[in-house]
Amino acid sequence: MKTYYLIVGVLCILYYLILVAYSRRLKVTFAGFWLIAGGAHLICGCAPFPFLKGGAVCAAVCVLWIFFLGVEARIAKEMFRKTDRYCDYVIVLGAQVRGTRITESLLRRLKAAEKYLLRFKEAKVIVSGGRGPGEDISEAEAMAQWLEKKGIEPERIIKEDRSVSTRENLKFSRKYLRQKDGSVLIVTNGFHLYRASLIARSEGYMDVELLPASVNPVFFPNYMVREFFALIPFACYAIKNKNVKV
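Residues numbered from 1 in each chain as written. Predicted model: local features only at pLDDT ≥ 70, side-chain atom pairs only at ≥ 80, totals over all residues. Heavy atoms only, no water.

Go over the overall build of the protein chain, please, and point to the residues and values.
Secondary structure summary: the protein chain contains 8 helices and 7 strands in total. A principal-axis box enclosing the C-alpha atoms of the protein chain has dimensions of 65 × 45 × 30 Å. With 246 residues in all, the protein chain has 47% of them scored as buried. Residue pairs at least 24 apart in sequence account for 75% of intrachain contacts in the protein chain once pairs closer than 6 positions are excluded. When the accessible area of the protein chain is evaluated, it comes to approximately 13300 Å², of which 62% is carbon and sulfur surface. Side-chain charges of the protein chain comprise 37 positive and 22 negative groups, with the mean position of each set lying 7 Å from the other. (Helix = DSSP H or I, 4+ residues; strand = E, 2+ residues; numbered from the N terminus. Buried < 20%, exposed > 50% of the residue type's maximum accessible area, 1.4 Å probe, protein only. Contact = heavy atoms within 4.5 Å. Areas by Shrake-Rupley, 256 points an atom, 1.4 Å probe, with all protein chains shown as cover. Lys, Arg positive; Asp, Glu negative; His and termini not counted. Charge placed at Lys NZ, Arg CZ, Asp CG, Glu CD.)

Structure, rendered in structure tokens:
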């Protein structure tokens with residue numbers, strides 16, 4: 001177990017440094033997890049406490065890894081989805097905007113949506129995202145401006161600019177559907193699709209397709225682990241509302 005703790009600890013801290021160096025920012029979303037996890041593993045590896053390295057702890061760690069990898073495999077499965085089906089509405093889930101500048105994750109979502117909208121010219125698009133800290137305009141407004149510059153007609157674009165979470169994205173966007181049972185295509189980064197699809201079902205969407213946008217490979221492990229923890233609140237919601245399936 002000591003070797004395990006030390007290897008995992010070093011790898012976590014190295015990945016944290018890679019994230020900081022690549023983004024050139026000390027404050028990277030969720031990056032602190034890797035620093036904390038790395039430090040905790042190194043402490044456990046060096047601590048003179050035999051119980052941290054016993055058989056029971058080893059078994060518990062193995063069970064946790066099996067559970068974690070099982071969830072991650074389910075999340076990753078959605079990243080390989082493809083769809084050629086026409087949907088009445090395309091919902092692009094918002095992501096951070098810095099000032100008025102679209103960030104990389106959001107740009108990847110918009111490019112995936114653009115390709116679909118240029119192919120299916122009757123589909124309307126709902127750009128969903130409010131205005132948060134550090135944002136001079138709402139995410140919806142930034143997305144709408146980008147799509148218009150790419151040739152998507154303004155009359156096809158619906159701006160939902162109040163939401164501040166994935167659940168609110170889908171809850172508020174549903175109010176813009178003329179037909180509550182109309183077909184909907186949800187566009188977001190691949191790692192985010194599984195949670196988005198679960199939330200969509202819990203919010204009453206009946207006919208949903210999913211379109212994965214690409215992911216920056218450097219941030220991919222960071223986003224995948226973050227998504228694992230983001231599913232915990234949904235699991236609690238599902239337990240509380242027994243009609244919701246995970």
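There's more to say after this.
I'd like to hear about unusual backbone geometry, residue by residue, with values.
Despite not being glycine, Arg24 has its phi angle at roughly 60 degrees, a positive value. In this structure, Arg24 sits in the loop between helix H1 (2–23) and helix H2 (31–46). The backbone of Phe30 sits at a positive phi, close to 70 degrees, despite the residue not being glycine. As for its position among the elements, Phe30 is in the loop between H1 and H2. For Phe30, a relative accessible area of 23% translates into the label partly exposed.

From the geometry alone we can't say anything about function, so treat these as descriptive.
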